[in-house]
Structure formats: structure tokens, C-alpha cells
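One-letter residues, chain by chain:
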Amino acid sequence: MQYIKHLILSALALNMLSCGFLEDKTKDFNKNKATKSQPEVQKNMNDYIDSYDIIPNMTHPKLKLLSSAFKKQEHRFEIDRCAFKYNGKSFFIGDTMEKIKSIFGAPDSPHVPTQNIKTVRIQYKELKILFKFSESDKKLKAFKISFTNQYDGLLPKFNIILFHNVPYALSMTLNEFMELSNLDHNKLRHNIAAFYIRQKKCFPTNSEYTIYTSLDSEPIYNSVGGGHITMRGDFKPESSKLIESIYIKKEKLK
């Protein structure tokens, strides 16, 4: 009987030690997990903003020719980080609807219906540009310039725009355009639908807003499998499509 009692006490002691050991290991694991996750969160927050400047590649043989051709156009769009121009007249995110109309004239379709009741849109069909304003104060919060006739059958009245002083001809692929600047696929972000830049330099340091610029060129991916089980594989930076439009908006940091 004494022997059995001794075995039971030994088993209980081992069980308590085991639980304590596992508890300590669990605490260590959770501690290590929290420690390791913290730098990753910080990295993601830092990576949320693009701080680089887009600079023309002055050595590229096409740059001077395209820049000269741009100046000869009747309709000239210039897209920079914070300021935008049409035929030399500047406008900005946050401008009033009246200022936009003073630059572009009377819109083709004022107050375009939208599902978002907080947004008012005006459109200039021949110039292929659409503006979005806040319903409350009629301040510009986004605009889009289209380069294709795919949706409305209208060809653009311009062949070249300036993007951060880099000329983009409507016949160029994204990669061809990037050759004219210091942009590359290590800088330019992308999702499954487009490439984009998110910059904060247009706002005060403590601001929670950025300027989000989307270059609407669908990224190309390798295909995995085949037939009914074809899946999207790795991104193919060596291939690219035309830029169909540029979309710019004021975006709140999340």
C-alpha cells in the first residue's frame, strides 16, 4: 500500500512539473512571437508610403523627342506629385468645383449619378477626364484621365502626357515608359489590377492623408497548371501592358 501511495505521489509531482514546464514554454513562445511580430508591423507601416522622387532618364534617346512633341499638342496634361496642369493651368486635390470649371469649361455631364451619395462627379468626355468631388463642400478628391476608347468609343485628343516630367506616349507599355525614368519594379507597387504610388509629401508631416496614384496597366503573371485548373503564378516583371488610364485620389491612411 505504501508503495502504491509513493507511485501516485510521484506521478502527481511529475504532472505538476510537466504543466509548469509547458506553461513556461508557452509563455516563452508567445513572448518570442510578440517580439518577432513587432518589427514586421513597423516594417509594413514604413513601407506604406513611397518617399522617392520620379526623375526623367535624360540619357534615353526618346526623351527629348517625346518632350518636344508634347509641347506641340493642343491639349496638354501634366501630372506631378501634388500639382496637375491642363494647358499650363494648375489645379490641385482639394480645389473647388468652380475652379475646375474655370480651367476646363462647362462639363459634358454635370453631376453624374453615382451609387456613392457622398460624391459628385463631372465629366469632360472629349478630354477623357472625370472629376470626383465631395458632396458636402464640392472639393476635388479624385480624378481619372483615360487613354483608351474601349469604354466610350472616343479617341483621346492628345498622344502624350507628362507624368512627373516624364513623357508617356499612349502607345507605350508600362515597361517602356519606366525606361524613361528612374522607376523600376522594385519601386513601383502593384496589385492584381494595376500599379500604384502612394506619397505623403503633399500634406503636413502629421497629416493622415496621402496622394494615391494608380497607373492602370494590368500586371502580367505566369500561369500555373492548365485547362480548368489554371491558376495565377508569379508576377512577370519582364512583361507589361499599355497604361489604360491614370487615377489619382486623396487617400486616408489606415
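Presented here is a report on the structure given in the accompanying data block. All of these numbers come straight from a predicted model, not from anything done at the bench.

Reading the values: the criteria
- Residues numbered from 1 in each chain as written.
- Predicted model: local features only at pLDDT ≥ 70, side-chain atom pairs only at ≥ 80, totals over all residues.
- Heavy atoms only, no water.
- Buried < 20%, exposed > 50% of the residue type's maximum accessible area, 1.4 Å probe, protein only.
- Helix = DSSP H or I, 4+ residues; strand = E, 2+ residues; numbered from the N terminus.
- Pairing = 2+ DSSP bridges.
- Disulfide = S-S within 2.5 Å.
- Contact = heavy atoms within 4.5 Å.
- Arc of directions from axis to C-beta.
- Core = buried A, V, L, I, M, F, W, Y, C linked by side-chain atoms within 4.5 Å.
- Axes fitted to C-alpha atoms, helices over the stretch in contact; angles between N-to-C directions.
- Polar contact = N/O pair within 3.5 Å; in protein donor to acceptor, adjacent residues only side chain to side chain.

## A closer look at the pairing of strand E9 (residues 166-169)
Part 1: Here E9 shows two buried faces, one formed by Val 166 and Tyr 168 and the other by Pro 167 and Ala 169.
Part 2: The pairing of strand E8 (residues 160-163) with E9 spans four bridges and is antiparallel. Its bridge partner lying in E9, Phe 163 is registered against Val 166.
Part 3: Taking the residues between adjacent antiparallel strands as the criterion, E8 and E9 are bridged by two residues, where His 164 takes a positive phi near 55 degrees.

## Some remarks on unusual backbone geometry
Part 1: With a phi angle near 50 degrees, Asn 87 is a residue other than glycine that sits in the positive phi range.
Part 2: Mapping Asn 87 onto the fold places it in the loop between strand E2 (83-86) and strand E3 (89-92).
Part 3: Given the relative accessible area of 26%, Asn 87 is considered partly exposed.
Part 4: Unlike most non-glycine residues, His 164 shows phi in positive territory, near 55 degrees.
Part 5: Tracing the sequence through the fold places His 164 in the loop between E8 and E9.

## Re the state of the cysteines
Part 1: Across all of its chains, the model carries one disulfide by this definition.
Part 2: Disulfide partner of Cys 82: Cys 202, at an S-S distance of 2.0 Å. Here the S-S torsion is close to -95 degrees, and the disulfide linking Cys 82 with Cys 202 is therefore left-handed. With Cys 82 in the loop between strand E1 (77-79) and E2 and Cys 202 in the loop between strand E11 (195-199) and strand E12 (209-215), this residue pair connects regions lying 120 residues apart in the sequence.

## As for the side chain of His 164
Part 1: Of the residues examined, His 164 reaches a relative accessible area of 7% and is grouped as buried.
Part 2: His 164 has contacts with Ile 54, Pro 56, Ile 79, Asp 80, Arg 81 and Gln 199, leaving out every residue within four places of it along the chain.

## Quick word on helix H3 (residues 97-104)
In an α-helix there are 3.6 residues to a turn, and that puts residues three or four apart on one side.
Part 1: Among the residues of H3, those classed as buried are Met 97, Ile 100, Ile 103 and Phe 104. Burial along H3 is one-sided: seen end-on, the buried residues are contained in an arc of 125 degrees. Looking at H3, the residues exposed on the side facing more than 90 degrees away from the buried face are Glu 98 and Ser 102.
Part 2: Summarising the contacts, the buried residues of H3 are in contact with E1, E2, E3, strand E5 (119-124), strand E6 (129-134) and strand E7 (140-146).
Part 3: In the segment just after H3, Gly 105 is the residue with positive phi, at about 90 degrees.

## Observations regarding the nonpolar core
Part 1: In this structure, Phe 77, Phe 91, Phe 104, Ile 129, Phe 131, Phe 143 and Phe 147 are the most contacted members of the largest nonpolar core, which totals 50 residues.
Part 2: Filtering out sequence-adjacent residues up to four positions away, Phe 147 remains in contact with Pro 156, Phe 158, Ile 161, Tyr 168, Leu 170, Ile 243, Glu 244, Ser 245 and Ile 246.

## Observations regarding the sheet that holds E3
Part 1: Taken together, the five strands give an open sheet; going across it, the order is E3-E2-E1-E8-E9, and neighbouring strands pair in mixed fashion. Either end of the sheet is taken by a strand with one partner, and the two such strands are E3 and E9. The average undirected angle you get between the axes of adjacent strands in this sheet is 25 degrees.
Part 2: Where E1 lies against E8, two bridges are found, and the strand directions are parallel. Of the residues in E8, the one forming a bridge with Ile 79 is Phe 163.
Part 3: Taken strand by strand, helix H2 (residues 61-71) contacts E1, E8 and E9, and its axis lies near 110 degrees from that of E8.
Part 4: Contacts between H3 and the sheet are confined to E1, E2 and E3, with E3 contributing the most and set at about 155 degrees to the helix.

## Structural notes on the side chain of Ser 207
Part 1: Looking at the element boundaries, Ser 207 is found in the loop between E11 and E12.
Part 2: For Ser 207, a relative accessible area of 15% gives the class buried.
Part 3: At 3.1 Å, the side chain of Ser 207 forms a polar contact with the backbone nitrogen of Tyr 209.
Part 4: Residue contacts for Ser 207: discarding those within four places in its chain leaves Lys 200 and Leu 253.

## Some thoughts on the environment of Asp 152
Part 1: Take Asp 152: it is sitting in the loop between E7 and E8.
Part 2: Take Asp 152: its relative accessible area is 39%, and that puts it in the partly exposed class.
Part 3: Sequence spacing of Asp 152 and Lys 125 is 27 residues, and the spatial spacing of their C-alpha atoms is 8.5 Å.
Part 4: In this structure the side chain of Asp 152 is engaged in a polar contact, spanning 2.9 Å, whose partner is the side chain of Lys 128.
Part 5: Polar side-chain contacts of Asp 152 include one of 2.9 Å to the backbone nitrogen of Leu 154.

Distances and angles like these do not, on their own, reveal function.
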